[in-house]
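# Coordinate inspection notes
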Amino acid sequence: LTIDGISPSKVVRPESIEELARALSRETGAIVPIGAGTQTSFGNPLRRADCAVDLTGLSRITEYVPADLTIHVEAGVTLERLEHTLLENNQFLPLDPWNGPAATVGGIAAANAQGPFRAAGTIRDWIIGMKVVEVDGRISKAGGRVVKNVTGYDLQKLYTGSLGTLAVIAEISLKLRAKFGRTATVVARFSDNEAAAECVAAIRKSPLQPVSCEWIGPENEVWLRFGEDSRAVDWQLKNVPAVADWVVSEGSDEAAAWERLRNRYNAFGPLVMRVVGLPTAVREIVEEYRPAAWIAHALNGIVLMQLSSPENIRSIRGKYRAVIEKAPVELRREIPTFGLNNSEYELMKQMKDAFDPEGRLNPGRHVDGERS
Amino acid sequence: VKKEVISKLRQILAAPCVVDDETELLVYECDGLPLFKNKPDVVVFPRTVDEVAQVVRIANEYRVPFLPRGAGTGLSGGALAIEGGIVIELQRMNRILSIDVENRIAVVQPGVVNLHISQAAAPHGLYYAPDPSSQMSCSIGGNVAENSGGPHCLKYGMTTNHILAIEAVTAKGEIIRLGNPAGEPIGMDLLGVIVGSEGTFAIVTEITVRLLPKPQAVKTLLAAFHSVEECSQTVSDVIAAGIVPSALEFVDAKTIEAVEASVYKAGYPQDAVAALLIEVDGFRDGLEETSNAIVEICRRNRSYDIRVAKDDEERAKLWLGRKGAFGAMGRLAPDMITMDAVIPRTRLPEVLVAIDRMSERYGLDVANVFHAGDGNLHPLILFDSRYPDQVDKIFGMSEEIMKLCVDVGGSLSGEHGIGYEKKDFMGLVFTEADLDTMMRVKRVFNPDGLLNPSKIFPSRRACTEVGKHTTTSTAEIGKRVEEVLLGVGGPADAQSRRPQAYRQGPAGGPDAQEKPHGKAPR
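Rules and cut-offs
- Residues numbered from 1 in each chain as written.
- Chains lettered and ligands numbered in written order.
- Predicted model: local features only at pLDDT ≥ 70, side-chain atom pairs only at ≥ 80, totals over all residues.
- Heavy atoms only, no water.
- Helix = DSSP H or I, 4+ residues; strand = E, 2+ residues; numbered from the N terminus.
- Rg over C-alpha atoms; globule rule 2.2 N^0.38 Å.
- Buried < 20%, exposed > 50% of the residue type's maximum accessible area, 1.4 Å probe, protein only.
- Contact = heavy atoms within 4.5 Å.
- Areas by Shrake-Rupley, 256 points an atom, 1.4 Å probe, with all protein chains shown as cover.
- Lys, Arg positive; Asp, Glu negative; His and termini not counted.
- Charge placed at Lys NZ, Arg CZ, Asp CG, Glu CD.
- Salt bridge = Lys/Arg side-chain N within 4 Å of Asp/Glu carboxyl O.
- Buried area = accessible area lost by both parts, 1.4 Å probe.
- 1 Å grid on protein atoms, 1.4 Å probe; cavity = no way out; pocket = protein on both sides within 12 Å on 5 of 7 lines; lining within 4 Å.
- Points joined across faces, edges and corners; volume = space filled by probe spheres on them.
- Nonpolar A, V, L, I, M, F, W, Y, C, P; charged D, E, K, R; others polar.
- Core = buried A, V, L, I, M, F, W, Y, C linked by side-chain atoms within 4.5 Å.
- Pairing = 2+ DSSP bridges.
- Axes fitted to C-alpha atoms, helices over the stretch in contact; angles between N-to-C directions.
- Expected span 1.5 Å × (residues − 1).
- pLDDT = per-residue confidence, 0-100.
- Left-handed = near helix turned anticlockwise from the far one by under 90°.
- Parallel < 35°, antiparallel > 145°, perpendicular 65-115°, else oblique.
- Polar contact = N/O pair within 3.5 Å; in protein donor to acceptor, adjacent residues only side chain to side chain.
- Phe/Tyr/Trp six-rings, centres within 6.5 Å; stacked < 30°, edge-to-face > 60°.

### Thoughts on the overall build of chain A
Tallying secondary structure elements over chain A gives 11 helices and 18 strands in all. Against the compact-globule benchmark of 21 Å for 372 residues, chain A has a radius of gyration of 21 Å, which places it among compact chains. Along the three orthogonal principal directions, the C-alpha set of chain A runs to about 65 × 50 × 35 Å. Per-residue burial over chain A gives 64% buried out of 372 residues. Of all intrachain contacts in chain A linking residues separated by at least 6 positions in sequence, the fraction that spans at least 24 positions is 70%. As presented, chain A carries roughly 13400 Å² of accessible surface, and 47% of it is formed by carbon and sulfur atoms. Positive and negative side-chain charges in chain A, numbering 44 and 47 respectively, have mean positions lying 2 Å apart.

Below, the structure written as structure tokens:
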């Protein structure tokens, strides 16, 4: 196991939350929590590693109450297993992170990993509670086990996306939804940016409510996925803007199409930025920075772009918020992943100090690696 | 608070915007939870973020406690100045700054009334989804502080799912901006943890909210049952059928009695033991079939009276009873406490039976009107504050209800917050370690504890305020609010700055001003 060129001297694999707590309380060096290892190159570079904590042993589904639409899983449960379990009761979560079904739920939360379902929300919207183990081995929880709850601070939101640098996520409670009655995907290819942008604008102004809306370049394809009651899907299919010849896919063809898109994204590199703007700014972002390839969550104003050189990063960040999705470690050593402003940096730094004053949890990966 | 602090405040704010008259301060001695009271030393009415920041810096300089306040409709004592100090009243910051139709966002100030956002967005076919029952009077800033819910969060989520970005003043008086219009956390989700922090992390001064397109069609129906079990089973069956209703509300016999005797009369069947108000919305195509499927489930569970609203007027009428239920309780008793708790929805029948038994044991009537779809209970305990023993009983009963809900896997609050009311119950759901971690996060935002002190975390000291028998009726508070806001000895231009809909008075819904009431002696 090597992360950012560093190999931890030992690996522990706890099989329960209590074992995880004991392992952390004994450890005095730098701790690197790791799930399926699908996102180890996201974030600022790791600086030290004494003990890797392999969380795949925390693999129990601790409770699943279909009638309550809640499930409680340990961090090492994979998305694939979660999906299969839910399907037995015709339930699901609209999560399709690029790193795929082998990723663990804990890892998806820690990295706030996303995919084309972005238009329907992110894992943050489904997490109702979390149990974590802190750096000194203490177990603490936030949120609860019910679908609606405002008891205490929403610390589970803070842990989501913190890359395991505040505490180690041990168990996650999720609310669920009924599986879409039907899904269908339409794809159209356009001659140029302008035509694709016009199509996306027409969708934005329409009553359509796609759960995915991706503008893919340089091919200038627009992908829409509808998920609803079957008749509502029908209506939306009939009312897609008549600006192109849409190719409809359903069932296994549809699944295969999205799998191809996932593979396409995973082939992006070596430098990929997530540029965050407004839905109406997507075209401008694409035209101004001329990425070699891009996938835009067009209804969210988020563009994932493959850049041919890091020169543009500074100018992008002058105008938009932008996170480095992927980059070689040498580049990530030079350019901070998140590009935080001063007040964000100060608050996050203080938050890190409040949880991990000695900086032993995933040293360097998050705010503590933002500024040298 | 020293005279010096007040004169400093007067240096930065115009004279009518600093209130320290003892009588006027009475208005601010409590929020929507009149069970607990304490007068602040001074109330300020800033108009800009800079004024808020300056007030906060003065408070820091003199080590005076301070807290934000919106419409004062909160039901857990979040805006209670329990340690006195400065109340920062944000109702003057009540402008909708922009509505971006194409990007479906609105930028608003914290004092904007929740409903006014939807009204302003309506001409563009958009609306703001979270709809607490107090939406005609509660402010969006208060919603952010409390992470407010409402009937429609069953489908659309809570406030936290609709807040994209904020500007805020920190506890130290620094102005910060967090979040972005894409709702994409950059680094840690600080915004996510500020929403719902009940005014203990920061004072929010500008809010970017997500707007949603209005659904093409809505179907609303009311189903009456002869038993609570059949009614609860219907809730479970609707969810199990994979239907995602936009609202699924439970109304019991006591509530129907109150509603039908009040101005909110909605024609609810008066012989029902329990009824469900069910709403589905979305695309027109398929909605009829979904509605029919629900009717079928109700029938299977022996609903004896099912009314499907034929048009908007009938829909509005069905909702009038539900939204007016809190206000209508004045028909049954002079005072009421609105409880708030969450349970896994499968545990509804047993919990309702247990609450019923408790009601008999304590000799206090309880009405149940709540968000059944997500297990969010609202037992309304009816009492008469003229009888001190009844007030005492409320504390015992509310504690028992909390324990009951926690025992079945639930939680202390689904949407009203912990505030001052429930802080001593926090130990029921959280360990010392959990609370310690939350306290460490609080110290990052609020290192000196001056911002909204004595909230959320349990106190070990005895609460001398608890059990005070001087409960002011909500109607009386409403009257005092009017006096001050309409300029009777208060800030002179309050009335002219208030939006039209507000001045005309609310058309329904439980807010402090309209609870039919007023019999309790002083």
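### So, the overall build of chain B
Along chain B, the regular secondary structure elements total 19 helices and 20 strands. Taking all 522 residues of chain B together, the buried fraction comes to 65%. Pairs at least 24 apart in sequence give 75% of the contacts found in chain B among residues at least 6 apart. By element, 50% of the accessible surface of chain B is carried by carbon and sulfur atoms, the whole surface being about 17800 Å².

### So, the pattern of salt bridges
Throughout the structure, instances matching the rule amount to 58 salt bridges over all chains. Note that lysine 141 of chain A is salt-bridged to aspartate 434 of chain B, the shortest N-O span being 2.6 Å. Of this pair, lysine 141 of chain A sits in strand β8 (residues 139-143) while aspartate 434 of chain B sits in helix α16 (residues 432-445), each in a different chain. Here arginine 10 of chain B ties to aspartate 20 of chain B by a salt bridge, and the two come within 3.2 Å at their closest N and O atoms. Residue arginine 10 of chain B is located in helix α1 (residues 3-12), and its partner aspartate 20 of chain B is located in the loop between β1 (18-19) and α2 (22-25); the two are separated by 10 residues in the primary sequence. What makes arginine 10 of chain B partly exposed here is its relative accessible area of 36%.

### A short note on the interface of chain B and chain A
Across the contact, 77 residues belong to chain B and 70 residues belong to chain A. Buried area between chain B and chain A, summed over both chains or domains, comes out near 6100 Å², and the portion from carbon and sulfur atoms is 60%. Considering only the surface of chain B that becomes buried against chain A, Ile186, Met188 and Phe283 of chain B emerge as the three largest contributors, covering 14% of it. Arginine 138 of chain A is the partner of aspartate 436 of chain B in a salt bridge, and the nearest nitrogen-oxygen pair spans 2.7 Å.

### Some points on empty space enclosed by the protein
Residues and elements named next belong to chain A. Per the counting criterion, the structure on display carries 8 cavities of 30 Å³ or more. Looking at the second largest cavity, its volume works out to about 340 Å³. Every residue lining the second largest cavity is counted, 26 residues in all, and those nearest its centre are Pro33, Ile34, Gly35, Gly107 and Ala110. Of all the secondary-structure elements, those providing two or more residues to the lining of the second largest cavity are β2 (31-34), α3 (105-111) and β9 (168-175). Sort the elements by how many residues they give to the lining of the second largest cavity and α3 lands first, with 5 residues. By residue class, the composition of the lining of the second largest cavity is 15 nonpolar, 10 polar and 1 charged.

### Describing the layout of surface pockets
Residues and elements named next belong to chain B. Within this model, the second largest pocket holds a volume of roughly 1000 Å³. Lining the second largest pocket are 37 residues; nearest its centre among them are Gln135, His152, Glu279, Arg315 and Trp319. Only α4 (114-121), β7 (126-127), β12 (217-225), β14 (274-282), α10 (287-300) and α11 (312-323) provide two or more residues apiece to the lining of the second largest pocket. Here the lining of the second largest pocket is built from residues that sort into 17 nonpolar, 8 polar and 12 charged.

### A word on the nonpolar core
Most often, soluble globular proteins keep nonpolar side chains buried together rather than apart. One finds Leu82, Leu158, Leu174 and Met351 of chain A to be the most contacted residues of the largest nonpolar core, which totals 144 residues. Broken down by element, this core gets its largest block of residues, 9 residues, from helix α14 (residues 388-407) of chain B. Once residues within four sequence positions are removed from consideration, methionine 351 of chain A is found in contact with Leu158 and Leu166 of chain A together with Met188, Leu190, Val441, Val444 and Phe445 of chain B. Counting residues in hydrophobic clusters, the runner-up holds 44 residues, among them Ala188, Val233, Trp235 and Leu237 of chain A.

### Description of the sheet that holds strand β1 (residues 10-12) of chain A
All names here are of chain A. Reading across the sheet, the 3 strands line up as β1-β3-β2 and stay open at both edges, with parallel pairing between neighbours. In the strand order of this sheet, the two ends are held by β1 and β2, each with one partner. If you compare each strand with its neighbour and ignore which way they point, the axes differ by 25° on average. Relative to strand β3 (residues 51-54), β1 runs parallel, the two being bridged by 3 bridges. Following the sheet pairing, valine 12 is matched in β3 by valine 53.

### Here's the deal with α14 of chain B
With 20 residues, α14 of chain B ought to run about 28 Å at 1.5 Å a step, and its terminal C-alpha atoms sit 29 Å apart, in line with that. Looking one or two residues past α14 of chain B, glycine 409 of chain B carries a phi angle of roughly 95°, positive in sign.

### A short note on the confidence of the model for chain B
Residues and elements named next belong to chain B. Taken residue by residue, chain B gives an average pLDDT of 88. The fraction at 70 or more is 88%. When the criterion is pLDDT under 50, residues 461-522 qualifies, and its contacts beyond four places in sequence or with other chains add up to 120 contacts. Listed scores for the predicted complex are pTM 0.92 and ipTM 0.97.

### A look at the packing of helix α8 (residues 228-240) of chain B against α10 of chain B
For any two helices packed against each other, one specifies the inter-axial angle together with the distance between the axes. Residue and element names in this part refer to chain B. Between α8 and α10, the shortest axis-to-axis distance is 9 Å and the interhelical angle comes to 145°. Considering how the two elements wind past one another, α8 and α10 form a crossing that is right-handed. Of α10, the residues touching α8 (which contributes Thr234, Asp237 and Val238) are Ile294, Ile297 and Cys298. Per-class residue counts for the contact of α8 with α10 are 4 nonpolar, 1 polar and 1 charged.

### Some details on the packing of helix α13 (residues 348-362) of chain B against α14 of chain B
Residue and element names in this part refer to chain B. Relative orientation of the contacting elements α13 and α14 amounts to 160°, with a least axis distance of 11 Å. For the element pair α13 / α14, the angle class is roughly antiparallel. Seen from above, α13 lies across α14 with right-handed handedness. Residues Val351, Ala354, Ile355, Met358, Ser359, Arg361 and Tyr362 of α13 pack against Lys393, Gly396, Met397, Glu400, Ile401 and Leu404 of α14. Classifying every residue of the contact of α13 with α14 by side-chain character gives 8 nonpolar, 2 polar and 3 charged.

### A few points about the side chain of threonine 185 of chain A
Residues and elements named next belong to chain A. For threonine 185, the location among the structural elements is in strand β11 (residues 182-189). Among the polar contacts made by the side chain of threonine 185, one reaches the side chain of glutamate 254 at a distance of 2.6 Å. Not counting residues up to four positions away in its chain, the partners in contact with threonine 185 are Leu224, Arg225, Val247, Val248, Ser249, Glu254 and Trp258.

### As for the pairing of strand β16 (residues 293-297) of chain A
Residues and elements named next belong to chain A. Among the 5 residues of β16, 5 are classified as buried, and the element is accordingly described as predominantly covered. Where strand β12 (residues 212-217) and β16 come together, 4 bridges link them in antiparallel fashion. Directly across from isoleucine 216, in β16, lies its bridge partner isoleucine 295. Sheet analysis places β16 next to strand β17 (residues 302-307), joined by 5 bridges and oriented antiparallel. Pairing of histidine 297 across the sheet is with isoleucine 302, part of β17.

### What about the packing of aromatic side chains?
Going through the model one piece at a time under the given rule, you end up with 20 aromatic pairs over all chains. With centroids separated by 6.0 Å and ring planes inclined at 90°, the aromatic side chains of phenylalanine 42 of chain A and phenylalanine 338 of chain A adopt a geometry described as edge-to-face. Separated by 296 residues along the polypeptide, phenylalanine 42 of chain A in the loop between β2 and β3 and phenylalanine 338 of chain A in the loop between α10 (329-334) and α11 (342-355) bring together distant segments of the chain. Residues phenylalanine 42 of chain A and phenylalanine 338 of chain A agree in their burial class; the two are buried. For the ring pair tyrosine 127 of chain B and tyrosine 156 of chain B, a centre distance of 6.4 Å and an interplane angle of 85° mean the geometry is edge-to-face.

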